[in-house]
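In case you want the letters, here they are:
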Amino acid sequence: MEILKKKILALKKEKNAVILAHYYQEPAIQEIADYVGDSLGLSQEAERTAASIILFAGVHFMAETAKILNPNKKVILPDLTAGCSLADSCPPSLFKKFIEAHPDHLVITYVNCSAEIKAMSDIVCTSSNAVKIVQSVPKNIPIIFAPDKNLGNYINQQTGRNMLLWDGSCIVHEAFSLEKLIALHKQHPKAEIIAHPESETVILETAAYVGSTAGMITHVKNSPKTEFIVGTEAGILYKMQQEVPDKLLIPAPSKEDNTCACSECAFMKVNTLQKVYDCLVHESPEITVPESVIKKALVPITRMLELSKS
Ligand code: 13P
Ligand code: SF4
């Protein structure tokens, strides 16, 4: 493992490549990454990088976003099957019909969607800026929000809006069990429940803090509390525990799983250190997005990045 890491670091330097990794990637990948972050941080980093090659250790929609921001750079993903159930829940042909049926609506899409869906959107958002972006739209303008109904419901509740929601969801965040969570909290009454907004409303209602992966890490770091039940993909625990070595972090329990208390995103976990190395050697698999889609999708992504600065 250490030899492989050294080889990746040397190759990265030789090829002027940057490795951007999401918090859900396995620890070994996070360790060799130049930057580890949430979807917004990763997009901002992709926008500012001077590297010639971007190796995206994450899922397909994240690498596509990096490509849209860098059409002249090579963007590579260790495994092209690293998809996302949420992105898959919004097929472009059906979404096109949906927005055509509501021509007076502004279209805001969560970044967890394909490049084609982004190309049909007015503004993109991530979990860390979604509330702020929706609040930037005057109240008299009706909004379509896609693809995550759980995040959409959360934003509606936070902003008092009534956005029209696409019926999509994330298999990992919908797997948390309210019953088991309540039982776990009884065993750890001092623990604070924190959750990602892709979780179901019943789970979010139990949470003292709701935010993106980066937001959750910052919250745990700054909080005077010493115990937390963490409602998001278990990969986050690696970085979070490094930030708060003396605090107790307990993964939120899922409905199906009786052997392990954690939820893992199978899509995120198809990337391995070996695949990162192979991908750098062959500069493949490469992410390609049609030029016409890049042109259209860049507009709502740029709007998001601009709105995130203020
Ligand atoms: P974050 O932007 O909060 O990291 O979320 C990404 C994601 O896919 C959550 O499932
Ligand atoms: Fe998609 Fe859910 Fe995996 Fe995030 S955790 S990449 S939303 S399937």
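As a starting point, this report considers the structure included with it. Nothing here was measured: the structure is a model prediction, and the numbers come from that model.

**Looking at the pattern of salt bridges**
Inspection of every chain in the model, using the stated rule, returns 13 salt bridges. The partner of Lys 255 in a salt bridge is Glu 200, and the shortest N-O contact between them spans 3.3 Å. With Lys 255 in the loop between strand 12 (248-251) and helix 14 (273-282) and Glu 200 in the loop between strand 9 (192-195) and helix 11 (201-204), this residue pair connects regions lying 55 residues apart in the sequence. We note a salt bridge from Lys 221 to Glu 243, for which the minimum N-O separation is 3.4 Å. Taken as a pair, Lys 221 in helix 12 (residues 213-222) and Glu 243 in helix 13 (residues 236-243) lie far apart in primary sequence, 22 residues in all. Using a relative accessible area of 35% as the deciding quantity, one classes Glu 243 as partly exposed. Because the salt bridges share partners, they merge into one network encompassing Glu 2, Lys 5 and Glu 31.

**With respect to the packing of aromatic side chains**
Tallying each qualifying case throughout the model produces three aromatic pairs. On the basis of an interplanar angle of 85° and a centroid distance of 5.5 Å, the ring pair of Phe 95 and Trp 166 is categorised as edge-to-face. Remark: Trp 166 occurs in the loop between strand 8 (164-165) and helix 10 (178-187) and Phe 95 occurs in helix 6 (residues 92-100); sequence separation between them is 71 residues. The same class applies to Phe 95 and to Trp 166, which are both buried. Aromatic ring contacts, followed pair by pair, group Phe 95, Phe 98 and Trp 166 into a single cluster.

**Remarks on the site of ligand 2**
Lining the immediate surroundings of ligand 2 are Tyr 24, Val 59, Cys 84, Ser 85, Asn 112, Cys 170, Val 172, Glu 198, Cys 265, Phe 267 and Met 268. Considered class by class, the residues forming the shell around ligand 2 number eight nonpolar, two polar and one charged.

**Brief notes about the site of ligand 1**
By nearness alone, every residue bordering ligand 1 is listed as His 22, Tyr 24, Asp 38, Ser 39, Tyr 110, Asn 112, Ser 127, His 173, His 196, Glu 198, Ser 212 and Thr 213. A distance of 2.6 Å separates an oxygen atom of ligand 1 from a polar side-chain atom of His 22. Residue His 196 places a side-chain N or O atom 2.8 Å away from an oxygen atom belonging to ligand 1. Compared with its free state, where it exposes 300 Å², ligand 1 has 96% of that area covered by protein. Of the residues in the shell around ligand 1, the class split is two nonpolar, eight polar and two charged.

**Points about the pairing of strand 9**
Neither face of strand 9 is exposed, since Glu 192 and Ile 194 on one face and Ile 193 and Ala 195 on the opposite face are all buried. Note: strand 9 against strand 11 (residues 227-231), four bridges, orientation parallel. Following the sheet pairing, Glu 192 is matched in strand 11 by Phe 228. Here strand 9 pairs with strand 10 (residues 209-210) via two bridges, running parallel. When the sheet's bridge partners are listed, Ile 194 is paired in strand 10 with Tyr 209.

**Description of helix 4 (residues 60-69)**
Counting buried positions along helix 4 gives nine out of ten residues, so the element sits mostly inside the fold. Every buried residue of helix 4 is listed here: Phe 61, Met 62, Ala 63, Glu 64, Thr 65, Ala 66, Lys 67, Ile 68 and Leu 69. Buried residues along helix 4 sit in contact with strand 1 (17-22), helix 3 (39-48), strand 3 (53-57), strand 4 (74-76), helix 7 (115-119) and helix 15 (291-309).

**Topic: the sheet that holds strand 8**
Strand order in this open sheet of four strands is 6-5-7-8, and the pairing throughout is parallel. Only two strands of the sheet have a single neighbouring strand rather than two, namely strand 6 (123-125) and strand 8. For strand 5 (residues 106-110) and strand 7 (residues 143-146), the ladder comprises four bridges, and the chain directions are parallel. Note on strand 7: the bridge partner recorded for Val 107 is Ile 144.

**Some thoughts on the nonpolar core**
Counting 65 residues, the largest nonpolar core has Phe 56, Ile 108, Phe 145 and Ile 229 as its most contacted members. Leaving out residues up to four positions away in the same chain, Phe 145 has contacts with Ile 108, Tyr 110, Cys 125, Leu 151, Gly 152, Ile 155, Met 163, Leu 164, Leu 165 and Trp 166. Of all hydrophobic cores here, the second largest spans 33 residues; its members include Ala 33, Ala 57, Ile 76 and Cys 279.

**Focus on the pairing of strand 3**
Taking burial as the measure, the five residues of strand 3 include five buried ones, the bulk of the element. Relative to strand 3, strand 1 runs parallel, the two sharing five bridges. Residue pairing in the sheet places Val 18 in a bridge with Ile 54 of strand 3. Here strand 3 runs beside strand 4; their pairing, made up of three bridges, is parallel. Of the residues in strand 4, the one forming a bridge with Leu 55 is Ile 76.

**Notes on the environment of Tyr 154**
Considering the arrangement of structural elements, one finds Tyr 154 in helix 9 (residues 149-159). Residue classification places Tyr 154 among the buried positions, given a relative accessible area of 15%. Leaving out residues up to four positions away in the same chain, Tyr 154 has contacts with Val 131, Pro 197, Leu 204 and Val 210.

The rules behind the values
Residues numbered from 1 in each chain as written. Chains lettered and ligands numbered in written order. Predicted model: local features only at pLDDT ≥ 70, side-chain atom pairs only at ≥ 80, totals over all residues. Heavy atoms only, no water. Salt bridge = Lys/Arg side-chain N within 4 Å of Asp/Glu carboxyl O. Helix = DSSP H or I, 4+ residues; strand = E, 2+ residues; numbered from the N terminus. Buried < 20%, exposed > 50% of the residue type's maximum accessible area, 1.4 Å probe, protein only. Phe/Tyr/Trp six-rings, centres within 6.5 Å; stacked < 30°, edge-to-face > 60°. Near = heavy atom within 4 Å. Nonpolar A, V, L, I, M, F, W, Y, C, P; charged D, E, K, R; others polar. Polar contact = N/O pair within 3.5 Å; in protein donor to acceptor, adjacent residues only side chain to side chain. Areas by Shrake-Rupley, 256 points an atom, 1.4 Å probe, with all protein chains shown as cover. Pairing = 2+ DSSP bridges. Contact = heavy atoms within 4.5 Å. Core = buried A, V, L, I, M, F, W, Y, C linked by side-chain atoms within 4.5 Å.

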